Amino acid sequence: MTGTQRKIIHIDCDCFYASVETRDDPSLRGKPVAVGGRAETRGVIATCNYEARRFGVRSAMATSQAIKRCPGLILLPPRFDAYRAASRQIHTIYRDFTELIEPLSLDEAYLDVTQAPHFQNSATRMALAIRDRIRTEVGITASAGIAANKFIAKVASDWNKPDGQFVVRPHEADAFVAALPVGKLFGVGKVTAAKLNELGAQSCADLRDWPLEKLTRHFGRFGQRLYELCRGHDERPVSNDQPRKSLSVETTYVQDLRDLEACRTELQALIADFRERLARAKDAPLPYKAFVKIRFDDFSHTTVECISTHPTDEVWQALLAEGWARQRRPVRLLGVGVRFEEEKALLRQLELFQSTP
């Protein structure tokens, strides 16, 4: 990278929803707390505190399973107004340090402080000050990662959780990334990590031995991204004007949908709901793909998509039939949506880059 060395801070609040609940009700301190839907309505855990995590409870887990693991779990319904209010306070603090803020969620954001004058332009001291103000003014804790790019900063923010921070200086970045397990790479989930492990890549150092051709043969377009990230390369800017990439609606059903016909009926209601949301999204660009998401009763899931700028009911129904045929099991969740033109442009750029000698 040429020019001024970037200084990126990734801030991630610790157990955000649960922390706000504990802040507002101090009697919850020291007890296992989770925020999420009720077990009888097929709810899932949105977040939980560290006391609950000691029992194996985690985000996105079915509430019924969480309660089995932690019978004393205190389950609270979400209070999004309280979380949004806390998030607004936090972002006010961020703006005292920089205008280059890229929110990832209510409780997580990238900050580019490359040109920030505070603390003699020390990103480490700025992160300490931001975390101290969040603790004092908002009443919760946050962790931070500091590095020269977004990928490394995000990994680093998880290094000393909770209520800690970790800095990866430019001369340390290569060794830091080389030692990371491949599962830490942005966009690598359990399935991709398992495939990489099976192919002999446990760490980023292992992956660096693979030529780009091998990565793209096994992982398509994503192979280019793996090639860059395992070397610690990430030139993405911190952007406070992120375009909408997709729009969707989904529902988890109290009773499993037993067969394809039941799914077809429920999908029509979802399509109608989606069309209303799309009509309200005045800033939405032109769709270029339609997709259907399915989660089966065994928690396996699949997504089926196709090119379509004006998807009809028949398009979504055909995608549903294709996805359901992959497992032919009862269904607990259905989703329907579209991906937009900006994502298409990004894929074209990646294809162009890959074709460059």
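As a reminder, the structure under discussion sits directly above these lines.
Thresholds, definitions, all that
- Residues numbered from 1 in each chain as written.
- Predicted model: local features only at pLDDT ≥ 70, side-chain atom pairs only at ≥ 80, totals over all residues.
- Heavy atoms only, no water.
- Disulfide = S-S within 2.5 Å.
- Buried < 20%, exposed > 50% of the residue type's maximum accessible area, 1.4 Å probe, protein only.
- Pairing = 2+ DSSP bridges.
- Helix = DSSP H or I, 4+ residues; strand = E, 2+ residues; numbered from the N terminus.
- Axes fitted to C-alpha atoms, helices over the stretch in contact; angles between N-to-C directions.
- Contact = heavy atoms within 4.5 Å.
- Phe/Tyr/Trp six-rings, centres within 6.5 Å; stacked < 30°, edge-to-face > 60°.
- Lys NZ or Arg CZ within 6 Å of the ring centre and 35° of its normal.
- Parallel < 35°, antiparallel > 145°, perpendicular 65-115°, else oblique.
- Left-handed = near helix turned anticlockwise from the far one by under 90°.
- Nonpolar A, V, L, I, M, F, W, Y, C, P; charged D, E, K, R; others polar.

**Things to note about the state of the cysteines**
If you walk through the whole model with that rule in mind, you get zero disulfides. The thiol of Cys-13 is not disulfide-bonded; the next cysteine sulfur, from Cys-15, is found 10 Å away. With relative accessibility at 3%, the residue Cys-13 sits in the buried group. Summary of cysteine pairing: Cys-263 is not part of a disulfide, and the nearest cysteine sulfur, belonging to Cys-306, is at 18 Å. Owing to a relative accessible area of 0%, Cys-263 belongs among the buried residues under this scheme.

**Some words on the sheet that holds strand 7 (residues 142-147)**
The strand order across the open sheet formed by five strands is 5-6-1-7-8, and the pairing between neighbours is mixed. Because the sheet does not close on itself, it has two edges, and the strands there are strand 5 (101-105) and strand 8 (165-167). Geometrically, the sheet is characterised by an average inter-axis angle of 15° between neighbouring strands, direction not taken into account. Alignment of strand 1 (residues 8-13) against strand 6 (residues 108-112), held across five bridges, turns out to be antiparallel. Among the inter-strand pairings, Ile-11 is bridged to a residue of strand 6, identified as Ala-109. Contacting strand 1, strand 5 and strand 6, helix 4 (residues 80-95) runs over the sheet at an angle of about 160° to strand 5.

**Looking at the pairing of strand 12 (residues 331-340)**
The side chains of a regular strand alternate between both faces of the sheet. Among the 10 residues of strand 12, 10 are classified as buried, and the element is accordingly described as predominantly covered. Across eight bridges, the pairing between strand 9 (residues 246-257) and strand 12 is antiparallel. From the neighbouring strand, Leu-257 faces strand 12, where its bridge partner is Val-331. Where strand 10 (residues 287-296) meets strand 12, nine bridges bridge the pair, whose relative direction is antiparallel. Within the sheet, the bridge partner assigned to Lys-293 lies in strand 12 and is Gly-335.

**With respect to the environment of Asp-81**
Residue placement: Asp-81 occurs in helix 4. Taking relative accessible area as the criterion, Asp-81 reaches 59% and is therefore assigned exposed. With 65 residues separating them along the chain, Asp-81 and Ile-146 place their C-alpha atoms 30 Å apart.

**Observations regarding the packing of aromatic side chains**
The final tally for this structure, using the stated rule, is nine aromatic pairs. Judged by centre distance (5.9 Å) and plane angle (50°), the rings of Phe-16 and Tyr-17 are tilted. Relative accessible area serves as the criterion here: at 2%, Phe-16 is assigned to the buried category. Among the aromatic residues, ring-to-ring pairing joins Phe-16, Tyr-17, Phe-80 and Tyr-83 into one connected group. Seen from the ring of Phe-291, Arg-339 lies directly overhead, with NZ or CZ sitting 4.2 Å from the centre.

**As for the packing of helix 12 (residues 260-280) against helix 13 (residues 313-325)**
When two helices pack together, their arrangement is given by the angle between the helix axes and by the axis-to-axis distance. Two numbers describe how helix 12 lies on helix 13: the axes approach to 10 Å, and their chain directions differ by 140°. Taken together, the axes of helix 12 and helix 13 lie oblique to each other. As for the relative orientation of helix 12 and helix 13, their crossing is right-handed in sense. On helix 13, the residues touching Leu-260, Cys-263, Arg-264, Leu-267, Gln-268, Ile-271, Phe-274 and Arg-275 of helix 12 are Asp-313, Trp-316, Gln-317, Leu-320, Ala-321 and Trp-324. The residue makeup of the contact of helix 12 with helix 13, split by class, is nine nonpolar, two polar and three charged.

Take it as geometry only, folks, not as evidence of what the structure does.
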